[in-house]
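# A look at the structure
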Amino acid sequence: MLIARRTALLALAAAVLLTGCWNPFSPDEEEGGQDQVYHEFCDSAYKVLENLELAYKSMDLDHYLMCFRDDFEFFLLETDWADYDGDGEEDQSWGLDLEEQFHEELFEGGEVDQITLTLNIPQGVPYGDGKLFQCDFQLKVYMGESGFQASGQADFICKQDSTSGEWLIWQWYDYSDT
């Protein structure tokens, strides 16, 4: 049920953005990442964001989850604050556990046929002991005879793992157009 709320969240943002120009029956030319290859070790923060984009397009939950630190947090727009974890309190963010639940349903729930994601990854800027990437994005989700799209900005703060040295996503701020 939690993924339904996240999907509904994306759908709400997308409902405002849906235009007559986009036909969900005719997916974009770009297929879900078949010609791309994951970076096996993310020795730069840029590479982990490329892996995130590919995991989305490939609907690959395992590779998707490998992009995040254990202390990962996803921050929502204020208009999307709700009780996502069922504890009776309004959530302004969630952690890796809910992110996994939402994307397991999105990628493996059987309702989504294809996802296209364009993540424009700029040069990262130093941010404390990490790097900040302010990325413009466009997301399209194809679901049978319907679909939705969302676009806007997402800020990613990436940090290096102190043990492996690999770069991972620590925080994700959603600034979707709604």
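This structure is a prediction, so every number in the text was calculated from the model and none was measured.

## Focus: the pattern of salt bridges
Oppositely charged side chains can form a pair if their charged atoms are brought close together. For the structure on display, the rule yields four salt bridges. Put simply, Lys-57 and Glu-53 hold a salt bridge, and the shortest N to O gap is 3.8 Å. Of this pair, Lys-57 and Glu-53 are both found in helix α2 (residues 45-58), four residues apart, which corresponds to roughly one turn of the helix. Measuring nitrogen to oxygen at the nearest pair gives 3.2 Å for the salt bridge that ties Asp-129 to Lys-159. Linking Asp-129 in the loop between β4 (125-127) and β5 (130-143) with Lys-159 in strand β6 (residues 146-160), this pair joins segments that are 30 residues apart in sequence. Among the residues examined, Lys-159 registers a relative accessible area of 14% and is labelled buried.

## Observations regarding the pairing of strand β3 (residues 114-120)
Where burial is concerned, most of β3 is hidden: five out of the seven residues are buried. Sheet topology note: the β3/β5 ladder contains seven bridges and is antiparallel. The residue bridging Asn-120 from the neighbouring strand is Asp-136, located in β5.

## A short note on helix α4 (residues 96-108)
For α4, which comprises 13 residues, the first-to-last C-alpha distance of 17 Å matches the rise-based estimate of 18 Å (1.5 Å per residue) to within 8%. Those residues of α4 not exposed but buried are Leu-96, Leu-98, Glu-99, Phe-102, His-103, Leu-106 and Phe-107. Mapping the buried residues of α4 onto a view down its axis gives an arc of 160°, with all of them on the same face. Turned more than 90 degrees away from the buried face of α4, the exposed residues are Asp-97 and Glu-108. Just downstream of α4, Gly-110 is the residue with a positive phi angle, here 90°.

## So, the pairing of β6
Within β6, twelve of the 15 residues are buried, which leaves it mostly tucked inside the rest of the structure. In this structure, the hairpin formed by β5 and β6 is closed by a connection of two residues, where Gly-144 is found at a positive phi of approximately 55°. Alignment of β6 against strand β7 (residues 167-176), held across nine bridges, turns out to be antiparallel. The residue of β7 that forms the bridge with Gly-152 is Ser-176. Turn length for the β6-β7 hairpin, with the two strands adjacent in sequence and antiparallel, is six residues, and the turn residue Gly-165 shows positive phi of about 85°.

## Comments concerning the confidence of the model for the protein
In the predicted model, the protein carries a mean pLDDT of 84, and the fraction of residues at 70 or more is 80%. The low-confidence segment residues 1-33, where pLDDT is below 50, has 73 contacts with residues more than four positions distant or belonging to other chains.

Reading guide: rules and limits
Residues numbered from 1 in each chain as written. Predicted model: local features only at pLDDT ≥ 70, side-chain atom pairs only at ≥ 80, totals over all residues. Heavy atoms only, no water. Salt bridge = Lys/Arg side-chain N within 4 Å of Asp/Glu carboxyl O. Helix = DSSP H or I, 4+ residues; strand = E, 2+ residues; numbered from the N terminus. Buried < 20%, exposed > 50% of the residue type's maximum accessible area, 1.4 Å probe, protein only. Pairing = 2+ DSSP bridges. Expected span 1.5 Å × (residues − 1). Arc of directions from axis to C-beta. pLDDT = per-residue confidence, 0-100. Contact = heavy atoms within 4.5 Å.

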